[in-house]
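Each chain, written out:
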Amino acid sequence: MDDDEVTTTILPPAADPLGEALHLLRLTGTLYCRSELTAPWDIAVPALDGLMALLVVTAGEAVLEVDGEPPRTLRPRGLTLIPHGTPHRVHSGHGGSRATPLFDIPVERVSERYELLRHGGGGALTRVTYCVLRCDHVPARRLVAQLPPVLHVDGWDDDGGWLHSTLQLIAAEATALRPGGETVLTRLADVLVVQAIRGWLDTAPEAHQGWLAALRDEHLGRALAAMHRAPQAPWSVESLAREAAMSRSAFSARFTALLGEPVMQYVTQWRMQLAHTHLQQSPEPLSQVAHRFGYASEAAFSRAFSRTFGVSPGAVRAATGTTGR
């Protein structure tokens, strides 16, 4: 046994591995913009790297254009999620005009993360609440990475009225600007994003492939959920195969076929992604970070981290300004 390994503890099985990943989808609101737009208007939104955009039309209508996707008219009672921060254009539906870059439009800044935007030619009014959101948890980011460029939820197919009620709350919070409004908007956005993803998971063929298929798999899902819940455990192919209730060879072959990489490569990559995020957010000493993510020594952890990212853990920490030893 080398210094990257320790001993195994079998965890209780997860009833819903995919649900666990979805449960970890907790968003951070980086910007909220309440827009009052009068026709004709046309706005170009640049790439929002590492972020997702949530658009809710609360009055009037807007046309959304994303490269590679058909244009779509957005109206009240629906929501649109752009999960990968893809550049897009939103306009009043006229043709032939030149879009104004978003950051060229003056805004009224209400707070550090909340702004009002008024733009357009004085015609018919459209109101849009636009949320820019970040997801920092690794399992949730992996889930988001599987999503298509655009997700739409039509409120006219709203069973039980959950969407209409939540959109009403978002419209009320965006208008009232009460203390704590940004926190409320973030939690409401959580609900909308999770519901949009759940709808896609239930209906899209591609939601039954690759990593998502592995989470749904009766055997692989148990092993993945155990490893996700306890990345610090001394996982091996043998111990994860026991979690999956499979033979070592069958588990290894099935894992590689569905996920496209060997078991232990996945384990290392998962630990390193978690560690990278943790280093950016916590001043915890590197020796403790190493044990948190399953390494017996700081040196072993640093070697694995540097192989994965091409930089040392200390360099990542220095770049983000967190302190630690």
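Residues numbered from 1 in each chain as written. Predicted model: local features only at pLDDT ≥ 70, side-chain atom pairs only at ≥ 80, totals over all residues. Heavy atoms only, no water.

Asks: What am I meant to see in the overall build of the protein chain here?
Replies: Regarding its fold elements, the protein chain presents 12 helices and 12 strands. When its C-alpha atoms are laid out on the principal axes, the protein chain stretches across 70 × 45 × 35 Å. Residues counted as buried form 46% of the 325 residues belonging to the protein chain. Sequence separation of at least 24 residues holds for 74% of the intrachain contacts in the protein chain that already meet a minimum separation of 6. Split by element, the accessible area of the protein chain, about 15200 Å² in all, is 53% carbon and sulfur. (Helix = DSSP H or I, 4+ residues; strand = E, 2+ residues; numbered from the N terminus. Buried < 20%, exposed > 50% of the residue type's maximum accessible area, 1.4 Å probe, protein only. Contact = heavy atoms within 4.5 Å. Areas by Shrake-Rupley, 256 points an atom, 1.4 Å probe, with all protein chains shown as cover.)

Asks: Looking at this structure, how should I read the sheet that holds strand 7 (residues 88-91)?
Replies: Backbone hydrogen bonds are what pair the strands of a sheet, in a parallel or an antiparallel way. Pairing in this open sheet of 5 strands is mixed, and the strands run 5-4-7-2-8 from one edge to the other. Looking at the sheet topology across the chains shown, the edges are occupied by strand 5 (72-74) and strand 8 (100-101). Examined bridge by bridge, strand 4 (residues 62-66) and strand 7 share 4 bridges and lie antiparallel to one another. Paired with valine 66 across the strands is histidine 88, a residue of strand 7. (Pairing = 2+ DSSP bridges.)

Asks: Sorry if this is basic, but what is going on with empty space enclosed by the protein here?
Replies: To find the voids left in a structure, one rolls a probe of water-molecule size over its atoms. Applying the stated criterion to the full structure yields 1 cavity of 30 Å³ or more. Around the largest cavity sit Ala223, Leu224, Met227, Leu240, Phe251, Phe255, Tyr266 and Val267, which together line it. Counting only elements with at least two residues in the lining of the largest cavity, the list comes to helix 6 (220-229), helix 8 (248-259) and helix 9 (263-281). Per-element tally for the lining of the largest cavity: the top contributor is helix 6, with 3 residues. When the residues that make up the lining of the largest cavity are grouped by side-chain class, the tally is 8 nonpolar, no polar and no charged. (1 Å grid on protein atoms, 1.4 Å probe; cavity = no way out; pocket = protein on both sides within 12 Å on 5 of 7 lines; lining within 4 Å. Points joined across faces, edges and corners; volume = space filled by probe spheres on them. Nonpolar A, V, L, I, M, F, W, Y, C, P; charged D, E, K, R; others polar.)

Asks: Explain helix 11 (residues 298-309) here, please?
Replies: In an α-helix, one turn spans 3.6 residues, which is why side chains three or four residues apart end up on the same side. For helix 11, spanning 12 residues, the distance from its first C-alpha to its last is 16 Å, which sits close to the expected 16 Å at 1.5 Å a residue. Contact partners of the buried residues in helix 11: helix 9, helix 10 (286-292) and helix 12 (313-320). Two residues or fewer past helix 11, glycine 310 is found with a positive phi of approximately 75 degrees. (Expected span 1.5 Å × (residues − 1).)

Asks: Explanation requested: the nonpolar core in the structure shown.
Replies: What tends to happen in soluble globular proteins is that the nonpolar side chains get buried as a cluster. Counting 77 residues, the largest nonpolar core has Leu25, Leu54, Leu133, Ile197, Trp211, Phe251 and Phe301 as its most contacted members. The element best represented in this core is helix 4 (residues 181-203), accounting for 10 residues. Counting 23 residues, the second largest nonpolar core, distinct from the first, contains Val45, Leu55, Leu64 and Val90. (Core = buried A, V, L, I, M, F, W, Y, C linked by side-chain atoms within 4.5 Å.)

Asks: Just checking my understanding: could you explain the layout of surface pockets for this structure?
Replies: In this structure, the largest pocket encloses a volume near 380 Å³. Taken together, 19 residues make up the lining of the largest pocket; nearest its centre are His137, Val138, Pro139, His228 and Leu274. For the lining of the largest pocket, the secondary-structure elements that each account for two or more residues are helix 1 (17-23), helix 2 (138-145), helix 6 and helix 9.

Asks: I would appreciate a short explanation of the packing of helix 6 against helix 9 in the present structure.
Replies: Angle between the axes and distance between the axes: these two values describe a pair of packed helices. The geometry of helix 6 relative to helix 9 is characterised by a closest axis approach of 11 Å and an angle of 35 degrees between their N-to-C directions. Where helix 6 crosses over helix 9, the handedness of that crossing is right-handed. Between helix 6, through Leu224, Met227 and His228, and helix 9, the contact on the second element is made entirely by Tyr266, Val267 and Trp270. Looking at the contact of helix 6 with helix 9 residue by residue, the class counts come to 5 nonpolar, 1 polar and no charged. (Axes fitted to C-alpha atoms, helices over the stretch in contact; angles between N-to-C directions. Left-handed = near helix turned anticlockwise from the far one by under 90°.)

Asks: Explain unusual backbone geometry to me, please; I cannot follow it from the model alone.
Replies: Most peptide bonds are trans, and most residues other than glycine sit at a negative phi. For the bond running from alanine 39 to proline 40, omega is -5 degrees, close enough to zero to count as cis. Summarising the element assignment, proline 40 is placed in the loop between strand 1 (27-38) and strand 2 (42-45). For arginine 77, which is not glycine, the phi torsion reads 80 degrees and is therefore positive. Considering the arrangement of structural elements, one finds arginine 77 in the loop between strand 5 and strand 6 (78-82).

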